[in-house]
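Results of the structural survey
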Amino acid sequence: MRRPYIAGNWKMNLTPSEGKAYASALAEAVKKAGADCRVMIAPSFVSLPGVVEAVKGSDITVSAQNMADHLSGAYTGEVSPEMLRDIGVNTVILGHSERRQYYGETDEIINGKVLLAISLKMEVILCVGETLEERESGKLEEVLKRQIEVGLKDVLPAEMDKITIAYEPVWAIGTGRTATPEDADAAHAFIRRTVAALYSDDIANNLIIQYGGSVKPGNVRALMAKENIDGALVGGASLKLDDFLPIITFNK
Ligand code: PEP
């Protein structure tokens, strides 16, 4: 049985004080609503300590949006996974399309980060997804297969319980365009088959696969009703309680 997992990626939004106040309100609201899915929020690095403090005592997971591919050393401007763990952050989003597109992160770099996070017993949300050009030229499966095979290279079967995969078609992120539930489900089914071939049916059946790309209160139910969609990675609509709470309570 896969427990629904709803995650909010705040990207480069909300100051530390705004983030802390919002996280407190969210923790309160989630508790009051009796939400039964897993909830995660991913603020920017500087907001993490305040948000960790704000959600203390709640079931909300706090995640980083990225991390360095080294533990320490001369890497100006980077944040080490050990620093994250030290402040109580044990989850990280890796391979987001904005990291791939704007900061040149390759599948190999992302794999290095995945292995480093796993070696520290951190949980990872590994983002995969095709561009519009790749989809229109029939390369959807080829792209997903490569991103998964390289991204998870050398991750052991016993470590797969630390991995969540987020399917985020690049053309649907922040554009207001959502994949149809049918298209998203087909991509998720392909991801599950790919993981089954790499690991086992059991591991694939237990894998949480989130959909990301313009998820809103109005489309979350139809997406979550699909067999292979186990959660959502939400960007824009995770920034306001009025949008994010109805997504978290989609099944109420
Ligand atoms: C994201 O950043 O992962 C995302 C899916 O953004 P949005 O919901 O705004 O499309």
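Since the structure is predicted, the reported quantities are computational estimates derived from the model, not experimental observations. (Residues numbered from 1 in each chain as written. Predicted model: local features only at pLDDT ≥ 70, side-chain atom pairs only at ≥ 80, totals over all residues. Heavy atoms only, no water.)

1. Some thoughts on the packing of helix α1 (residues 16–33) against helix α11 (residues 241–248)
Filter applied, for reference: Every angle, taken between N-to-C directions, lies between 0 and 180 degrees, and every axis is a line fitted to C-alpha atoms, over only the stretch in contact when it is a helix. Secondary structure counts use DSSP, requiring at least four H or I residues in a row for a helix and at least two E residues in a row for a strand, with both numbered from the N terminus. Handedness of a crossing is defined here by the sense of rotation of the near helix relative to the far one, left-handed for an anticlockwise turn of less than a right angle and right-handed for a clockwise turn. A contact between two residues is defined here by any heavy atoms of the two lying within 4.5 Å. Residue classes follow a fixed rule: Ala, Val, Leu, Ile, Met, Phe, Trp, Tyr, Cys and Pro count as nonpolar, while Asp, Glu, Lys and Arg count as charged, and any other residue, Gly among them, counts as polar.
The N-to-C vectors of α1 and α11 enclose an angle of 35°; their axes lie 11 Å apart at closest approach. Crossing handedness for the pair α1 and α11: right-handed. Here α1 contributes Tyr22, Ala25, Leu26, Ala29 and Val30 to the contact with α11, which in turn contributes Leu241, Phe244, Leu245 and Ile248. Residue composition of the contact of α1 with α11, by class: nine nonpolar, no polar and no charged.

2. Structural notes on unusual backbone geometry
Quick reminder of the rule: Each residue's exposure class comes from its accessible area (1.4 Å probe, protein chains only) as a fraction of the maximum for that residue type: buried when under 20%, exposed when over 50%, partly exposed otherwise.
Of note, Leu14 is a non-glycine position whose phi angle comes to about 70°, a positive value. Along the chain, Leu14 falls in the loop between β1 (5–9) and α1. For Leu14, a relative accessible area of 26% translates into the label partly exposed.

3. Regarding the pattern of salt bridges
Pairing is possible between side chains that carry opposite charge, provided their charged atoms lie close to one another. Worth spelling out the cut-off: Each reported salt bridge corresponds to a side-chain nitrogen of Lys or Arg within 4 Å of a carboxyl oxygen of Asp or Glu.
Counted according to the given criterion, the structure contains 14 salt bridges. A salt bridge links Asp183 to Arg135, with the shortest nitrogen-to-oxygen separation between them at 3.9 Å. In this pair, Asp183 sits in helix α8 (residues 181–198) while Arg135 sits in helix α6 (residues 132–136), placing the two residues 48 residues apart along the sequence. Overall, Asp183 belongs to the partly exposed group, its relative accessible area being 35%. Between Asp230 and Arg192 there is a salt bridge, with its nearest N and O atoms 2.8 Å apart. Of this pair, Asp230 sits in the loop between α10 (220–224) and β8 (231–234) while Arg192 sits in helix α8, and the two are 38 residues apart along the sequence. Exposure remark for Asp230: the relative accessible area of 5% places this residue in the buried category. On the accessibility criterion, Arg192 (7% relative accessible area) is buried. Where salt bridges share partners, they join Arg2, Arg192 and Asp230 into one cluster.

4. A short note on the site of the ligand
Selection rule: When we say a residue is near a molecule or strand, we mean one of its heavy atoms is within 4 Å of it. Residues adjacent in sequence count toward polar contacts only when both atoms are side-chain atoms; beyond that, a polar contact is any pair of N or O atoms within 3.5 Å, and within protein one must be able to donate a hydrogen and the other to accept it. In this description, accessible areas are obtained by the Shrake-Rupley approach with a 1.4 Å probe, and a residue is regarded as covered only by the protein chains that are shown.
Around the ligand sit 14 residues, and of these Lys11, Glu168, Gly174, Ser214 and Gly235 come closest. Between the ligand and Glu168, the relevant distance is 2.6 Å, taken from an oxygen atom to a side-chain nitrogen or oxygen of the residue. In the environment of the ligand, an oxygen atom lies 2.6 Å from a nitrogen or oxygen atom belonging to the backbone of Gly174. Coverage of the ligand by the protein chains reaches 97% of its 290 Å² of free accessible surface. Among the residues forming the shell around the ligand, the class breakdown is four nonpolar, eight polar and two charged.

5. Considerations on the sheet that holds β8
Applicable threshold: Here, a strand pair is defined by DSSP locating no fewer than two bridges between the strands.
Spatial ordering of the closed barrel is given by β1-β2-β3-β4-β5-β6-β7-β8, a layout of eight strands whose pairing is parallel. Direction aside, the axes of adjacent strands within the sheet are offset by 25° on average. Of the strand pairs in this sheet, strand β3 (residues 61–64) and strand β4 (residues 91–94) are connected by two bridges, and their pairing is parallel. Bridge pairing in β4 links Ala64 to Val92. Packed on one face of the sheet, α11 meets β1, β2 (38–42) and β8 and runs near 160° to β1.

6. Focus: the UniProt feature "active site" (unreviewed entry) in the chain
The test is simple: UniProt positions are given in the numbering used here, feature names are shortened, and annotations may be inferred rather than shown by experiment.
Feature annotation in UniProt assigns "active site" (unreviewed entry) to the following positions: His96 and Glu168. Spanning 73 residues, the named residues form one tight spatial group whose C-alpha atoms are at most 8.3 Å apart. Residue placement: His96 occurs in the loop between β4 and α4 (97–103). Excluding residues within four positions of it along the chain, His96 makes contact with Asn9, Lys11, Cys127, Glu168 and Ile173.

7. Points about the pairing of β8
The two faces of the sheet receive side chains in turn, since in a regular strand these alternate between them. Burial along β8 is two-sided: the face carrying Gly231 and Leu233 and the face carrying Ala232 and Val234 are both buried. Bridging between β1 and β8 involves four bridges; their strand directions are parallel. Bridging from a neighbouring strand, Ile6 pairs with Ala232 of β8. Of the pairings in the sheet, the one linking strand β7 (residues 208–211) to β8 comprises two bridges and is parallel in character. Bridge pairing in β8 links Tyr211 to Ala232.

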